[in-house]
Amino acid sequence: MIMAFRNMNRRCHIGLQQLSSLASIGRTFLGPVKSYKFIVDESTSESILTCSAVRLLESLDLTSAVGQLLNETIQAQNKEYKTGMTTLLFLVGAWSSAVLECLQQNVPFSLIVSVMSEGLNSCSEKVQCLQLSVHNLYKGPNSVPIHFTSSSLHSHQASPCDPHNRCLNLHVCPTDYITPSLVEPVGNKTMPAVPGSSLIASSYIKRTRLTHSRYFNTPGKKHCSLQVDNFGGPPTGPAAYPYEFNDFGQLAMALSHGNQSSMKLVQDIVRCQQEVADHTGSSQFNIAEVVTCCLPGLSEHYSCVCPGYITLVSPEKATVTKQLQDRPLQILLVDGDLTEKYRHLGFNRPSNVRTISENVGLQESSSESLWINCVLDILIQAKVNLVLVKGNVCESLMERCILNNILIINPVTLNVLHAFGKGTGVQLVTYLSQVNSYCVGSSVWVDFWRTGDLSTMELDNKVPISIKAEGIHLVTAVLSSTVSSKMQITEDQFWTCAYRLHHALTDQKVFPGGGAVELLCLSHLKKLEEQSLKQPDKKPSEDFYMSSCWLTKSLTQYKPVVLKALASGWHQYLSRVICNTAHYASEFEASASIEHHLKKAADYCSPSAYILKEFNKRDKLMVDFGLSTKPEEAVKIYDNVTPKVEAWRRALDLVLLVLQTDAEIITGPKRNQLLNSHVSSEFIFL
């Protein structure tokens, strides 16, 4: 049996080149000092402003298979984590270029796949030693609490869901944006606004000497002491350390990565949800009960957090709202469309049934009128005043309901329906024929939101209203931006901050930020590379074992090359991040700084110990972006664990998938035929 595979090293790999080219357009999105991009639609001449990898790829006409794969990978990361997409996009480009370089050096693609995959797995295991428990980050006598400004939530005396606290007005939950120079006093301490990520973050917590840790000592090297923060002892579970609201505030600041205004709204949401939870003393951050309402064209001054559901309605619906305000309403929740022909997912129409009619148009019109009359009778008999619908609503039905002072709001997301269902204790219905006493809720209030400050002209003939109910925990983040094309960015940044905090609390752990994790990966890969060079004749480890003798010899020769290529991706990523902090004139200077830290980490007792020491150290090299004027005012930066590692994995999986798509395995008695063909140079025989 003759086996051969096409030698990818002797021809250009179009797929990897396309990946590298597409990913390069998002290089300016990394780091705290981002560069925005305008995307113009040639057919409509409309443009949007973006600094998001998700929105960028959504707006491009990706006709190639590689472009669609990249978009699907980014969308999958966004759907599951809402963060890490820019990291994923950059690493796809960096590792695509690295693989192309390996191919130019005639490295077999099977070795590239094996060594890179195992190298990433090894790094993912190595960085676990940097994980920090969120329970211990801010436990200590010198922890600085976060206090909300007087304009936050404590200014209103009534319960956030008090039905008589009408019209969630200006005095309820407004949030002032943090300016770069803002420092909030806390006793004799100060807490600055949130700085962005940095290669080495500073510390404001009192240090204590820690000399014993399995991570801080390497066999064969002398013992060295390490100064780290007082994290409050060994990691413990949630039962031992229940969350306090101050912990949320500091953790939120550390995860903001420069988006201080968005994270301030998230902090207010945590406070709002905590107050609604009967003042239990433990913060209940439920991201499923958070929604947004965007007000494009308005000043950022209108951005705030409000209990209940805020949405925009047409002037006709605003007229109905005026009739319904100041009295409790009956509510109905519809999980689907409110149209005659709507059928739920999975509905099977009767088979072998045919309808024949000469007057089809007249019959359909008559059928729709009968259906509308039936629906209206059901709503009136159930005394329903307010209907929240997940999907579309028949226009004729909407008009009839407005005439009967029945307010229909659509489309409404499923989490909003569930929140009202949970608060009012009613069930969702798919068809109005299912309506009964268990499906109609009560004690719901509707009112206008800040009508004295806004006009319909400012909101494109829309009117903001608020819907509240007793016992509902739903919170709305009202977002505004004077630049309408920037509205989507503002909403994306808010959700990114919210999900960063959510993932930190879900994982119960975080990574030190500012490039500390990537620096450890570089140090670890460099060590693996040196080991493979020093022991070329040693039998490969189980992680990199190959059954073929030829592949085993190739592994010994090319393993250092592939490991170096894998490390180059993280090196480019880290260089770009710290270069975009505006503290380095070029990526060359940033790269030199990285090499300096890698050399010092190699000379230290343990690279992880050195990185933690630098992370907790006040150093003139740290980057605070001008948000703090004194070293002791700087705030640590943290990263999520699962989203970051998953972004690495998705990026490498995509690159290796594209690498293998052009590989052709040929078996059979075709040796002579291939040798005599004009493409014989493109095959390697095994």
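Residues numbered from 1 in each chain as written. Predicted model: local features only at pLDDT ≥ 70, side-chain atom pairs only at ≥ 80, totals over all residues. Heavy atoms only, no water.

- Per an unreviewed UniProt entry, the chain goes by the name Bardet-Biedl syndrome 12 and belongs to Chelonoidis abingdonii.

Notes on unusual backbone geometry
- The residue after N410, namely P411, is reached through a cis peptide bond having omega -10°.
- Checked against the element boundaries, P411 lands in the loop between β14 (407-409) and α11 (414-424).
- Look at N106: it is not a glycine, yet its phi comes out positive at around 65°.
- The partly exposed category is assigned to N106, whose relative accessible area is 41%. (Helix = DSSP H or I, 4+ residues; strand = E, 2+ residues; numbered from the N terminus. Buried < 20%, exposed > 50% of the residue type's maximum accessible area, 1.4 Å probe, protein only.)

Some thoughts on the nonpolar core
- Residues I112, M116 and W570 are the most contacted members of the largest nonpolar core, which totals 79 residues.
- For this core, the leading source of residues is helix α4 (residues 85-104), giving 13 residues.
- With residues up to four places along the chain from it excluded, the contact list for I112 reads V99, C102, L103, V107, V562, L656 and L659. (Core = buried A, V, L, I, M, F, W, Y, C linked by side-chain atoms within 4.5 Å. Contact = heavy atoms within 4.5 Å.)

Considerations on the sheet that holds strand β13 (residues 386-389)
- As summarised here, the arrangement of the 6 strands in space is β11-β16-β15-β12-β13-β14, forming an open sheet in which the pairing is mixed. What marks the edges here is a single partner per strand, and that holds for β11 (309-313) and β14. Here the strands of the sheet are splayed against their neighbours by 35° on average, with no regard to which way each runs.
- Sheet analysis places strand β15 (residues 440-448) next to strand β16 (residues 463-469), joined by 5 bridges and oriented antiparallel. (Pairing = 2+ DSSP bridges. Axes fitted to C-alpha atoms, helices over the stretch in contact; angles between N-to-C directions.)

What to know about the side chain of E491
- Structurally, E491 is set in helix α12 (residues 487-507).
- There is no salt bridge for the buried E491, and the closest opposite charge comes from R55, which lies 6.1 Å off by N-O distance.
- With near-sequence residues (within four places) excluded, E491 lies in contact with T292, C294 and L479. (Lys, Arg positive; Asp, Glu negative; His and termini not counted. Salt bridge = Lys/Arg side-chain N within 4 Å of Asp/Glu carboxyl O.)

A short note on the pattern of salt bridges
- Under the counting rule described, the total for this entry stands at 15 salt bridges.
- One salt bridge connects E614 with K613, and the closest N-O pair in it is separated by 2.8 Å.
- We note a salt bridge from R649 to D653, for which the minimum N-O separation is 2.7 Å. Remark: D653 and R649 occur in helix α17 (residues 642-661); sequence separation between them is 4 residues, near one turn of the helix.
- Relative accessible area serves as the criterion here: at 37%, R649 is assigned to the partly exposed category.
- Sharing partners across several salt bridges, the network here consists of E80, E646, R649, R650 and D653.

Brief notes about the pairing of β11
- For β11, the buried fraction is high: 4 of the 5 residues fall into the buried class.
- Across 5 bridges, β11 lies against β16 in antiparallel orientation. Paired with I310 across the two strands is S466, which belongs to β16.

Comments concerning helix α8 (residues 315-324)
- Of all the positions in α8, only K317, A318, V320, T321 and L324 are classed as buried. Buried residues along α8 cover an arc of 160° about the axis, so they all sit on one side.
- Along its buried surface, α8 packs onto β11, β12 (329-334), α10 (395-403), β14, β15 and β16. (Arc of directions from axis to C-beta.)

Some details on the pairing of strand β9 (residues 290-296)
- A large share of β9 lies buried, amounting to 5 of its 7 residues.
- One ladder, built from 7 bridges, connects β9 with strand β17 (residues 475-481); its direction is parallel. What sits directly across from C294, in β17, is L479.

What to know about the packing of helix α1 (residues 14-24) against α17
- Their axes nearest at 8 Å, the elements α1 and α17 cross at an angle of 150°. When the axes of α1 and α17 are compared, the pair comes out roughly antiparallel. In contact with G15, L16 and L19 of α1, α17 contributes L654, V655, V658 and L659. (Parallel < 35°, antiparallel > 145°, perpendicular 65-115°, else oblique.)

Things to note about α1
- Looking at α1, one finds that the buried residues are G15, L16, L19, S20, L22 and A23.
- Where α1 is buried, its residues meet α3 (65-81), α4 and α17.

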